[in-house]
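Below are the chains, spelled out letter by letter.
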Amino acid sequence: MEKNDKGILYINLVIGTVGPILIVLGILKYFEAVGGTGYLTPFIGFAVTMIYLNYLEEKAGIIKKIIWIKSIISIGTILALMYFLF
C-alpha cells in the first residue's frame, strides 16, 4: 500500500471512531433530557459497533496495536465526556 493511501486510511480510522462516540453521547443526552431509562443500550450498541469496526480495520491492514490504542482512547473519551457533560 502506498504511503498516501495509508494516510487516508488513518484519517478514515479517526472519523470512523468519532462517529460512534458522538452517537453514544447524543443518545445519553437524549435520555437525560427526556428522563428515560435504558442507559445500557447505547453502550452495548457502541461495543458492537466498535467490534465490527475493529474487524473491518483489521481486514484493511491496520496493525492490532493501533486498533487497541484507538479502542482505549475511544472508551476513555466517552468516560471523560460523560463525566464533564453529566
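Located above this text is the structure these notes cover.
This one's a predicted model, so the numbers in the text were calculated from it and none came from an experiment.

Undergrad: A description of the packing of aromatic side chains should follow, citing residues and the corresponding values.
TA: Evaluated as defined, the whole model comprises 3 aromatic pairs. Each ring, one from Y30 and one from F31, has its centre 6.1 Å from the other, and the planes form 50 degrees; the classification is tilted. Geometrically, the ring pair formed by Y83 and F84 is edge-to-face, given 5.3 Å between the ring centres and 75 degrees between the ring planes. For Y83, a relative accessible area of 67% corresponds to the exposed category. The class of F84 is exposed, set by a relative accessible area of 66%.

Reading the values: rules and limits
- Residues numbered from 1 in each chain as written.
- Predicted model: local features only at pLDDT ≥ 70, side-chain atom pairs only at ≥ 80, totals over all residues.
- Heavy atoms only, no water.
- Phe/Tyr/Trp six-rings, centres within 6.5 Å; stacked < 30°, edge-to-face > 60°.
- Buried < 20%, exposed > 50% of the residue type's maximum accessible area, 1.4 Å probe, protein only.

These figures come from the coordinates and say nothing about function on their own.
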